[in-house]
Amino acid sequence: MEYFDIKSGEWIEEECVEENGFVVNTKGELVKYKDFDNHVIIPREVKGIPVTSIGDGIFYFSGGYAFYGCDNLVSVIIPDSITSIGNSAFSFCKNLTSITISNSVTSIGDSAFRGCRSLIDIIISDSVTFIGKETFQGCSSLTNVRIPASVTFIGEGAFSSCFQLKDIIVDKENVTFINIDGVLFDKQQHALLFYPVEKQDISYIIPDGVKIIGNSAFYNCYNLKNITLPDTITRIGECAFENCFHLTKITIPASVTTIGERAFTSCYDLKDISLSEGITTIGRMAFSCCDNLTRITIPNGVTYIGTYAFSDCRNLRSITIPASVKSIEIYTFWGCDNLESISIYNDNIDIDEMNILGDREKTTIYAHKGSTTEKYAKRKGYKFIPLL
């Protein structure tokens, strides 16, 4: 039997057995389902071979897989012989409303139920220890999630874009995670891991003691307008506040050293952001598409600003770049068509030749005479005014 293996990206020729449309290899991995039933009960064994795992992408990839797009699949019952659900196993089963996971399952792989937009409720069994990256991402009808005591790992973005999700409930006996008012933290409350998209609060105060805002922690939280960060925060993760469309103001405390990639991408209503000294890294696309951001002063101490960091900030009027910044990466200010002034204080800053620092007809560049910035401005035809 030939089937597609996601991990290797290759077609695999392997000895398999088949019964009632279920295809299992000799290791007990369910690699293919060939029927078109709406309601599927996975058997405990196929022709004497115990079914112990659901293979990666079994209901997702084409190349002969019966449930590509999963238009027919409505419900699935997983038997107690199965211990793991593979990566993307049920991805984009758009009509899947119900799934019963047995108490034998210990691992649910990356993106296992991603895009199952009709899935309203799922009971994660008390045997599960591992929930992978983006496991339930885009399950837009999911209303509640209970994390049992057994879970010790939850991958980033596991519940992102679950637009009806209001609360995460963690079993009190869990030694790794805790929920506070429906928000997911690590047990020590050093990391905020996930804020449910459909919480109705417009303001949120992150508790004192939290050091890390996890990757995608507030992704798509469109109800939030104001967020207060404690002075214990040191890192804002990748995509942490991406698509928080109505976030208007945020003050980043001096304790923060890193703003991750895409941390504030598409925060359309963000008008004012205060960056405190202490920050050393502003990641790629960190503030891209912040349409209402008008000005920003990068504090002294920042050494790295990633590509596209302020791209498509259409209303950005002025920006100040301190002497600590060593280079301006390509496309940092791409699409900032209304930029009026940019002040650069490092006399030897490296500016990528492909960079566009605003509109040549509108933007004035300020820097010291004899600096690499002056040379760049004159080569590119920008108006240049020397700093005193």
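That block above? That's the structure.
Residues numbered from 1 in each chain as written. Predicted model: local features only at pLDDT ≥ 70, side-chain atom pairs only at ≥ 80, totals over all residues. Heavy atoms only, no water.

1. Section: the layout of surface pockets
One way to see where empty space is left: roll a probe the size of a water molecule over the atoms. So the rule is basically this: Any residue with an atom within 4 Å of a point lines the site, the site being either a cavity, points on a 1 Å grid over the protein atoms alone where a 1.4 Å probe fits but cannot get out, or a pocket, an open set with protein on both sides within 12 Å along at least 5 of 7 lines. Grid points are joined across faces, edges and corners, and a volume is the space filled by probe spheres set on the points. Only DSSP runs of H or I with at least four residues qualify as helices, and only runs of E with at least two residues qualify as strands; both kinds are numbered from the N terminus onward. For this scheme, ten residues count as nonpolar: Ala, Val, Leu, Ile, Met, Phe, Trp, Tyr, Cys and Pro. Four count as charged, namely Asp, Glu, Lys and Arg, and the remainder, Gly too, count as polar.
If you add up the space inside the largest pocket, you get close to 240 Å³. The wall of the largest pocket is formed by 16 residues, among which Ile-154, Gly-155, Glu-156, Gly-157 and Leu-193 lie closest to the centre. Elements that contribute at least two residues to the lining of the largest pocket include exactly strand 16 (153–154), strand 19 (183–186) and strand 20 (191–194). Here the second largest pocket is characterised by a volume of approximately 160 Å³. Of the residues in the lining of the second largest pocket, the class split is 2 nonpolar, 5 polar and 5 charged.

2. Focus on the packing of aromatic side chains
To describe a pair of aromatic rings, you give the distance between the ring centres and the angle between the ring planes. What counts, and what does not: Stacked, tilted and edge-to-face pairs are distinguished by plane angle, under 30 degrees for stacked and over 60 for edge-to-face with tilted covering the rest, among Phe, Tyr and Trp rings (Trp via its six-membered ring) whose centres lie within 6.5 Å. Under the scheme applied here, a residue whose accessible area is under 20% of the maximum for its type counts as buried, over 50% as exposed, and between as partly exposed, the area being computed with a 1.4 Å probe on protein chains only. Two conditions define a charge located above a ring, namely a distance within 6 Å from the ring centre to NZ of Lys or CZ of Arg, and an angle within 35 degrees of the ring normal.
According to the stated counting rule, one finds 18 aromatic pairs in the structure shown. Both rings, one in Tyr-195 and one in Tyr-204, keep their centres 5.0 Å apart while their planes meet at 65°; by these two values the pair is edge-to-face. Accessibility expressed as a relative area gives 12% for Tyr-204, which makes it buried. Aromatic pair Phe-310 and Phe-333: ring centres 5.7 Å apart, planes at 10°, arrangement stacked. Of this pair, Phe-310 sits in the loop between strand 30 (304–305) and strand 31 (318–321) while Phe-333 sits in the loop between strand 32 (327–328) and strand 33 (341–344), and the two are 23 residues apart along the sequence. Assessed through its relative accessible area of 0%, Phe-310 is described here as buried. By relative accessible area, which is 1% here, Phe-333 ends up buried. Pairwise contacts between aromatic rings join Tyr-195, Tyr-204, Phe-218, Phe-241, Phe-264, Phe-287, Phe-310 and Phe-333 into one cluster. Directly above the ring of Tyr-195 sits Lys-199, whose terminal nitrogen or CZ lies 5.9 Å from the centroid.

Nothing here speaks to function; it is all geometry.
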